[in-house]
Amino acid sequence: MELEPELLLQEARENVEAAQSYRRELGQRLQGLREARRQIRESASQTRDVLKQHFNDLKGTLGKLLDERLVTLLQEVDTIEQETIKPLDDCQKLIEHGVNTAEDLVQEGEIAILGGVGKENEKLWSFAKKASHIQLDSLPEVPLLVDVPCLSAQLDDSILNIVKDHIFKHGTVASRPPVQIEELIEKPGGIIVRWCKVDDDFTAQDYRLQFRKCTSNHFEDVYVGSETEFIVLHIDPNVDYQFRVCARGDGRQEWSPWSVPQTGHSTLVPHEWTAGFEGYSLSSRRNIALRNDAESSGVLYSSAPTYFCGQTLTFRVETVGQPDRRDSIGVCAEKQNGYDSLQRDQAVCISTNGAVFVNGKEMTNQLPAVTSGSTVTFDIEAVTLGATNNNEGGNFKLRVTISSSNREVVFDWSLDQSCGSLYFGCSFFYPGWKVLVF
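Reading the values: rules and limits
Residues numbered from 1 in each chain as written. Predicted model: local features only at pLDDT ≥ 70, side-chain atom pairs only at ≥ 80, totals over all residues. Heavy atoms only, no water. Helix = DSSP H or I, 4+ residues; strand = E, 2+ residues; numbered from the N terminus. Rg over C-alpha atoms; globule rule 2.2 N^0.38 Å. Buried < 20%, exposed > 50% of the residue type's maximum accessible area, 1.4 Å probe, protein only. Contact = heavy atoms within 4.5 Å. Areas by Shrake-Rupley, 256 points an atom, 1.4 Å probe, with all protein chains shown as cover. Axes fitted to C-alpha atoms, helices over the stretch in contact; angles between N-to-C directions. Left-handed = near helix turned anticlockwise from the far one by under 90°. Nonpolar A, V, L, I, M, F, W, Y, C, P; charged D, E, K, R; others polar. UniProt positions renumbered as here; feature names shortened; annotations may be inferred. Pairing = 2+ DSSP bridges. Patch = residues over 30% accessible without salt bridge, like charges linked within 9 Å, V, L, I, M, F, W, Y side chains within 5 Å. Salt bridge = Lys/Arg side-chain N within 4 Å of Asp/Glu carboxyl O.

> How should I be thinking about the overall build of the protein in this particular structure?
When helices and strands are counted, the protein shows three helices and 21 strands. Rg of the C-alpha trace for the protein: 45 Å, well past the compact-globule value of 22 Å for 438 residues, more than 25% over. Expressed as lengths along the three principal axes of its C-alpha atoms, the size of the protein is roughly 160 × 85 × 35 Å. In the protein, which comprises 438 residues, the proportion classed as buried is 29%. Expressed as a percentage of contacts within the protein between residues at least 6 apart in sequence, the contacts between residues at least 24 apart total 60%. On the protein, roughly 28900 Å² of surface is accessible, and the fraction owed to carbon and sulfur atoms is 52%.

Printed below as a string of structure tokens:
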């Protein structure tokens, strides 16, 4: 049965589109192969350079250490030689002096003897008197050869075997790093980096995370520790950053090879506190607020409604002051001046004592008290976007989860109107409280 011309034409178009899609997919795979080949060749070339440089440095260092040791041993030889030769030199001078004295006495005596024993032979009398004053039987003691040093070098050839054994085991070539970056999650003003082990035989003791802007040639350490997740803050929006991680094996000092660098960025606007509010001092990036000694009170709000449903809003308490039950950390539908706390209508918050407030009413459930280092997170999702028939009088409902110290409370929050985004805020009645938001 022959196809209608229109159907045949439609089938031909679909086949062309399928072929074009297939060609694109194959092109992407070819590009992936090219990148894989480039990574292998570039990493191999870099590894060769690293190995050559390392072993050249090692040879230079070992040569220098051997030269230094040789100089030390030669100095020891010189010292022993000089210290033990000096007494022998002194003894030699004494003996040579005795030899000269004896020779003079022999010559003088022989002349005196030739003169006979007459009374006129003054030389004989003089010689006899002189000889009586010289101790011809006093000989200096000369040390035996067994009593003087006989230097030698004690060289243990086993060091060659020890060094050889260490050299043969020194260095390894890994085809892939034992850890790799698993996920990059954008946050307002930050990126969460997660990594994992890919070598089951490798036992990690610590991890080391570095990052850099893609326009920079220098990586910076941003985290060292045992966790497999870290949020990198102070990230500029819409700027590409590279991240890499390595690990240190259990009981080892050296770090493993770096993971393959991963590129990520954040499109989310950083959270900022409102500047110029009396009672609070802000950091340069305005993401840290410190309650100062000013007497004024009130709620410090975000500069804009930058928190959206579906995101996680995190507050980290850096330092604490004296707590007050009216303190608050939370979110709200809109700024309302004249209040000294977020414990009001159209807001949800946690107090520093752990009490949770919804639209100004304290909940039965409570979280642990906020302490230095505490992290408080808000996760909010839309439940209904239309009118609801509930006793709370709200027209829009949001599902709120507040977490702190591994505990959480979940509740519905009713608002008078729909909110595409929310403000966040905090209030403290006593100085010393410092809060980071991200």
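> Explanation requested: the packing of helix α1 (residues 5-114) against helix α2 (residues 122-132) in the structure shown.
For any two helices packed against each other, the geometry is given by the interaxial angle and the distance between the axes. Where α1 meets α2, the closest approach of the two axes is 8 Å, and the angle between their N-to-C directions is 150 degrees. Judged by the twist between their axes, the crossing of α1 over α2 is left-handed. Seen from α1, the contacting residues are L105, E108, G109, I111 and A112; seen from α2, they are K123, L124, S126, F127, K130 and A131. Each residue belonging to the contact of α1 with α2 can be placed in one class, and the counts come to six nonpolar, two polar and three charged.

> So what exactly am I meant to see when it comes to the UniProt feature "domain: Fibronectin type-III" (unreviewed entry) in the protein here?
The UniProt record marks residues 177-270 with the feature "domain: Fibronectin type-III" (unreviewed entry), using the residue numbering of this structure. The span residues 177-270 carries 0% helix and 53% strand; its end-to-end C-alpha distance comes to 33 Å.

> Is there a simple way to explain the sheet that holds strand β3 (residues 204-213) in this structure?
The strands making up a sheet associate through backbone hydrogen bonding, with each pair oriented either parallel or antiparallel. If you walk across this open sheet you meet the four strands as β4-β3-β6-β7, and the pairing is antiparallel. The strands lining the two open edges of the sheet, one partner per strand, are β4 (220-225) and β7 (262-264). Within the sheet, the average angular offset between the axes of one strand and its neighbour, ignoring direction, is 25 degrees. Across five bridges, the pairing between β3 and β4 is antiparallel. Considered in β4, the bridge of L209 is made with Y223.

> Is there a simple way to think about the pairing of strand β1 (residues 179-187) in this case?
Note on strand geometry: in a regular strand, side chains alternate between the two faces of the sheet. Two elements, β1 and strand β2 (residues 190-197), share eight bridges in a ladder whose sense is antiparallel. Residue I185 lies in a different strand from β2, and its bridge partner there is I192. What sits between the antiparallel neighbours β1 and β2 is a turn of two residues, in which G189 has the positive phi angle 75 degrees.

> Got a minute to help me understand a nonpolar patch on the surface in this structure?
A contiguous nonpolar surface patch, about 690 Å² in accessible area, is contributed by L62, L65, I159, L160, V163, I167 and F168. At the level of elements, α1 and α3 (158-169) are the ones that each hand at least two residues to the nonpolar patch. Ranked by the residues each element gives to the nonpolar patch, the list is headed by α3, at five residues. Residue placement: I167 occurs in helix α3. Residue classification places I167 among the partly exposed positions, given a relative accessible area of 39%.

> Explain unusual backbone geometry to me, please; I cannot follow it from the model alone.
Glycine aside, negative phi is the norm for most residues, and most peptide bonds take the trans geometry. In this structure, Q346 is a non-glycine residue whose phi angle is positive, near 65 degrees. Within the secondary structure, Q346 is located in the loop between β13 (328-332) and β14 (347-350). Exposure remark for Q346: the relative accessible area of 7% places this residue in the buried category. Non-glycine residue N359 carries a positive phi angle of around 55 degrees. Among the structural elements, N359 can be located in the loop between β15 (355-358) and β16 (361-366).

> Honestly, the UniProt feature "coiled-coil region" (unreviewed entry) in the protein in this entry has me stumped. Any pointers?
Mapped onto this numbering, the UniProt entry gives "coiled-coil region" (unreviewed entry) at residues 9-43. As annotated, residues 9-43 has a helix share of 100% and a strand share of 0%, and its two end C-alpha atoms lie 51 Å apart.

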